[in-house]
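# Chain and residue survey
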Amino acid sequence: MSLINRKAVRDRVHRRIRRKLAGTAARPRLAVHFSNQHVYAQVIDDDKGVTICSASTLNLHLQQANLETAAKVGALIAERALAAGVTEVVFDRGGFLYHGKVKSLADAARGAGLKF
């Protein structure tokens, strides 16, 4: 399977996921994205089209996208979301499999106090 096909498959899966869920003021969406070097997470209110808070490995001054950094980003996004008054979110895995870095980020966010 070539790189272009893998990206197209992930994009199709992501569009299918986004049709089924949306973030509201009561339960914003926790969206995650992984590049080769970085891990990104945002808490988004889709009704208003506003990003409530965000966290990434850029904030932590790390240049890796592995399980440990994903867990650090998950804990950081949970801390920032709780500071912004968000306690419950809808998890948007962004077309990625719920495995590895995605699972590590989600578990760390749950462990830091976010509910989803």
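Computed from a predicted structure; not experimentally measured. (Residues numbered from 1 in each chain as written. Predicted model: local features only at pLDDT ≥ 70, side-chain atom pairs only at ≥ 80, totals over all residues. Heavy atoms only, no water.)

## Topic: the side chain of aspartate 45
We count it as follows: A run of DSSP states H or I qualifies as a helix once it reaches four residues; a run of E qualifies as a strand once it reaches two. Both are numbered from the N-terminal end. Remark: exposure states derive from per-residue accessible area (1.4 Å probe, protein chains only) relative to the maximum for the residue type, with buried under 20%, exposed over 50%, and partly exposed in between. Here Asp and Glu are counted as negative and Lys and Arg as positive; His is not counted, and neither are the chain ends. Whenever a carboxyl oxygen of Asp or Glu lies within 4 Å of a side-chain nitrogen of Lys or Arg, that contact is scored as a salt bridge. For the purposes of these results, a polar contact is taken to be a pair of N or O atoms within 3.5 Å, where, inside protein, one atom must be able to donate a hydrogen and its partner to accept one; residues adjacent in sequence count only when each atom of the pair is a side-chain atom. Should any heavy atoms of two residues lie within 4.5 Å, those residues are considered in contact.
Take aspartate 45: it is sitting in strand S2 (residues 39–45). Comment: no salt bridge for buried aspartate 45; closest opposite-charge side chain is lysine 48, at 4.4 Å. Within the structure, the side chain of aspartate 45 is placed 3.1 Å from the backbone nitrogen of aspartate 47, a separation counted as a polar contact. Once you skip the residues sitting within four places of it in the chain, aspartate 45 turns out to touch Gly23, Thr24, Ala25, Pro28, Val50 and Ile52.

## Comments concerning the packing of aromatic side chains
Cut-off, in case you're wondering: Here the aromatic set is Phe, Tyr and Trp, taking the six-membered ring for Trp, and pairing holds for ring centres within 6.5 Å; pairs whose planes are under 30 degrees apart are stacked, those over 60 apart are edge-to-face, and all others are tilted.
Taken as a whole and judged by the stated rule, the model has three aromatic pairs. With a centroid separation of 6.2 Å and an interplanar angle of 90°, the aromatic rings of phenylalanine 91 and tyrosine 98 are classed as edge-to-face. Judged by its relative accessible area of 37%, tyrosine 98 falls in the partly exposed class. On the basis of an interplanar angle of 15° and a centroid distance of 5.2 Å, the ring pair of phenylalanine 91 and phenylalanine 116 is categorised as stacked.

## Some remarks on the pairing of strand S1 (residues 29–34)
Put simply, the rule is: If DSSP finds at least two bridges between two strands, the strands pair.
In terms of burial, S1 is a largely internal element, five of the six residues being buried. Between S1 and S2, which pair antiparallel in sequence order, lie four residues. With three bridges connecting them, S1 and strand S4 (residues 90–92) associate as parallel partners. If you follow alanine 31 over to S4, its bridge partner there is aspartate 92.

## Some points on the pattern of salt bridges
Counting across every chain of the model gives seven salt bridges. Residue arginine 29 pairs with aspartate 92 through a salt bridge whose shortest N-O separation is 2.9 Å. Pair noted here: arginine 29 is in strand S1 and aspartate 92 is in strand S4, with a separation of 63 residues, a long-range link. This pair shows no difference in class: arginine 29 is buried, exactly as aspartate 92 is.

## Quick word on the sheet that holds S4
Under the convention used in this document: The convention used is that axes are lines fitted to C-alpha atoms, helices contributing only their stretch in contact, and that angles between N-to-C directions extend from 0 to 180 degrees.
Across the sheet, four strands lie side by side as S3-S2-S1-S4; this open sheet has mixed pairing. The outermost strands of the open sheet, each flanked by one partner alone, are strand S3 (50–56) and S4. Mean inter-strand twist for the sheet, computed between neighbouring axes without regard to direction, equals 20°. As paired elements, S2 and S3 share six bridges and run antiparallel to each other. Opposite aspartate 45, over in S3, you have valine 50 as the bridge partner. Along the sheet, helix H2 (residues 67–83) makes contact with S1, S2 and S3, crossing S3 at roughly 145°.

## Side note on the environment of alanine 83
Within the fold, alanine 83 resides in helix H2. Taking relative accessible area as the criterion, alanine 83 reaches 71% and is therefore assigned exposed. The spacing of alanine 83 and valine 73 is 10 residues in sequence and 15 Å in space, taken between C-alpha atoms.

## Focus on helix H3 (residues 101–111)
Of the positions making up H3, those classed as buried are Val102, Ser104, Leu105, Ala106, Ala108 and Ala109. Buried residues belonging to H3 abut S1, S2, H2 and S4. Within two residues after H3, glycine 113 carries a phi angle of roughly 120°, on the positive side.

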